[in-house]
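# Descriptive analysis of the structure
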Amino acid sequence: TESVDRLVRVLASGGFDSVVALGGGSPMDTAKAAAALHEFGGKMTDYKVPFQQETELLKTPIVAIPTTAGTGSEVTRFTVVTDTASGEKNSYGGAAYVPAAAIVDYEFTLTCPWRLTADTGIDALCHAMEAYVSRRSNWFSDSLALSAVAAVGAHLRQSCAEDPAAREAMMLAATQAGLAFSSSSVTLIHGMSRPIGAHFSVPHGLSNAMLAPTVTKFSVDGPAKARYADVARTLGVTDRRGDSAADFLYPALLELNHDLKV
């Protein structure tokens, strides 16, 4: 909130017709939060979920330019801001946080180091997988989520090896996954990831990666098993038909974590 408040003071100094949010998830979320707080006033914590700020277009619109392939914040109706006073990592939602425009260019990711590429890539996978197995999933989010899952399965490892074509595919996957979960929801992986990140300063994508196999193992035999099976097939870890394909997802996520040194 301290960074948000500083940016709000800059905006209040006058004359700005837009906010350009350039960077990874944290810079984009900070810019989104500040643009909204500048317009609505008060404290950032006044607006944390379940409150929804549904103004569709801010008077100071946001143009988002992601430089990592993971968060999807350039297209989502959410922003996450840590309360400086309490250390609590809060989520904020509503149409007010959707950027007016997004410039998605994979060349911004070409200088991202290996660890950052891996962590943000797993974040994109979690967004897509969680959007698809969520109870709030729908036909629109499903198509985007599965497209992103397929791209991550085919390209994440090569993206970490600095393959430009793979980084291009991952950039698209991250944006698709952002659209997917913004139209559906995330699940227990993200629910548990936020406090880990806030209390132990673990990067968001890395904390998701730490949790993804265990949460999947816990959840896979529940009502969404058929959807987990779809994820496993789409990720490319099995071609088995039926719900039993879901059983291949947990070991595949463990193997991915091993390969990416999580």
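Overview of the structure.

### Focus: the pairing of strand β1 (residues 19–23)
- The side-chain alternation of β1 yields one buried face, formed by Val19, Ala21 and Gly23, and one unburied face, formed by Val20 and Leu22.
- Where β1 meets strand β2 (residues 62–66), five bridges bridge the pair, whose relative direction is parallel. Residue pairing for β2: Val20 is matched across the bridge by Val63.

### Observations concerning the sheet that holds β2
- Here three strands make up an open sheet; going across it, the order is β1-β2-β5 and the pairing parallel. Strands at the two margins of the open sheet, each flanked by one partner only, are β1 and β5 (101–102).

### Observations concerning the layout of surface pockets
- Counted as a void, the largest pocket has a volume near 1100 Å³.
- Along its surface, the largest pocket is lined by 43 residues, and Asp29, Thr79, Val80, Arg194 and His204 are the ones closest to its centre.
- Class assignment of the residues belonging to the lining of the largest pocket gives a composition of 10 nonpolar, 25 polar and eight charged.
- When its volume is computed, the second largest pocket comes out at roughly 340 Å³.
- Among the secondary structure elements, those contributing two or more residues to the lining of the second largest pocket are α3 (114–133), α6 (188–200), α7 (204–219) and α8 (225–235).

### Some remarks on the nonpolar core
- If you look at the biggest cluster of nonpolar residues, it comprises 44 residues, and the most contacted ones within it are Leu125, Leu156, Ile189, Tyr228, Val231, Leu249 and Leu260.
- For this core, the elements supplying multiple residues, two or more each, are α3, α4 (139–160), α5 (164–183), α7, α8 and α9 (249–259).
- Broken down by element, this core gets its largest block of residues, 10 residues, from α3.
- One finds Met28, Ala34, Ala35 and Ala96 within the second-largest nonpolar core, a separate group that totals 21 residues.

### Regarding unusual backbone geometry
- A cis amide bond, omega 20°, links Val49 with the succeeding residue Pro50.
- Mapped onto the elements of the fold, Pro50 is located in the loop between α2 (25–40) and β2.
- The phi dihedral of Glu162 falls on the positive side, at around 70°, and the residue is not glycine.
- Turning to its location among the elements, Glu162 is positioned in the loop between α4 and α5.

### A word on the pattern of salt bridges
- Summed over the entire model, instances satisfying the criterion amount to nine salt bridges.
- For Arg233, the salt bridge identified is with Asp230, shortest N-O distance 2.8 Å. Placement of both Arg233 and Asp230 in helix α8 is noted, with a separation of three residues, approximately one turn of the helix.
- The exposure class of Arg233 is partly exposed, given its relative accessible area of 29%.

### Here's the deal with α7
- Given a rise of 1.5 Å per residue, 16 residues ought to cover 22 Å, and the 21 Å separating the end C-alpha atoms of α7 matches this to within 8%.
- Three or more residues of α7 are buried, namely Gly205, Leu206, Ser207, Asn208, Ala209, Leu211, Ala212, Pro213, Val215 and Thr216.
- In this structure, the buried residues of α7 make contact with α3, α6, α8 and α9.

### Quick notes on the environment of Thr71
- Inspection of the secondary structure assignment puts Thr71 in the loop between β2 and β3 (78–82).
- When the C-alpha atoms of Thr71 and Leu235 are compared, they prove to be 19 Å apart, with 164 residues separating the residues in sequence.
- When residues no more than four places from it in sequence are discounted, the contact partners of Thr71 are Gly25, Met28, Asp123, His127 and Phe181.
- A distance of 3.2 Å separates the side chain of Thr71 from the backbone nitrogen of Ser73, its partner in a polar contact.

### Points about empty space enclosed by the protein
- With the rule as written, the count across this model stands at three cavities of 30 Å³ or more.
- Approximately 70 Å³ is the volume found for the largest cavity.
- At the level of elements, α3 and α5 are the ones that each hand at least two residues to the lining of the largest cavity.
- Among the elements that line the lining of the largest cavity, the one with the most residues is α3, at three residues.

### Describing the side chain of Lys32
- One can find Lys32 in helix α2.
- Although Lys32 is buried, it forms no salt bridge, and the closest oppositely charged side chain is Asp29 at an N-O distance of 4.3 Å.
- A polar contact of 2.8 Å, which involves the side chain of Lys32, links it to the backbone oxygen of Ser73.
- In contact with Lys32, other than residues within four places in its own chain, are Ile62, Ser73, Thr76, Phe78, Thr79, Tyr97 and Pro99.

Parameters and conventions
All residue numbers refer to position in the chain's written sequence, counted from 1. The predicted nature of this model means local features are confined to residues of pLDDT at least 70 and side-chain atom pairs, given and counted, to a pLDDT of 80 or more, with totals for whole chains, interfaces and linings taken over all residues. Just so you know, side-chain values use all the structure's heavy atoms and leave hydrogens and water out. Exposure classes here rest on a 1.4 Å probe applied to the protein chains alone. A residue is buried below 20% of its type maximum, exposed above 50%, and partly exposed in between. Where helices and strands are cited, they refer to DSSP runs of H or I of at least four residues and of E of at least two residues respectively, numbered from the N terminus. Two strands are said to pair when DSSP picks up at least two bridges between them. Points on a 1 Å grid, built from protein atoms alone, make a cavity when a 1.4 Å probe fits but cannot get out and make a pocket when they are open with protein on both sides within 12 Å along at least 5 of 7 lines; residues with an atom within 4 Å of a point are the lining residues. Grid points are joined across faces, edges and corners, and a volume is the space filled by probe spheres set on the points. Under this grouping Gly is polar, as are all residues other than the nonpolar Ala, Val, Leu, Ile, Met, Phe, Trp, Tyr, Cys and Pro and the charged Asp, Glu, Lys and Arg. Throughout this description, the term nonpolar core refers to a set of buried Ala, Val, Leu, Ile, Met, Phe, Trp, Tyr and Cys residues connected via side-chain atoms within 4.5 Å. Salt bridges are counted wherever a side-chain nitrogen of Lys or Arg sits within 4 Å of a carboxyl oxygen of Asp or Glu. Here a helix's expected span is defined as the number of its residues, less one, multiplied by 1.5 Å. Contacts between residues were defined by any pair of non-hydrogen atoms, one from each residue, lying within 4.5 Å. A 3.5 Å cut-off defines polar contacts: any pair of N or O atoms within that distance qualifies, except that in protein one atom must be a possible hydrogen donor and the other a possible acceptor, and neighbouring residues in sequence count only when both atoms are side-chain atoms. When charges are counted, neither His nor the chain ends are considered; positive counts come from Lys and Arg and negative counts from Asp and Glu.

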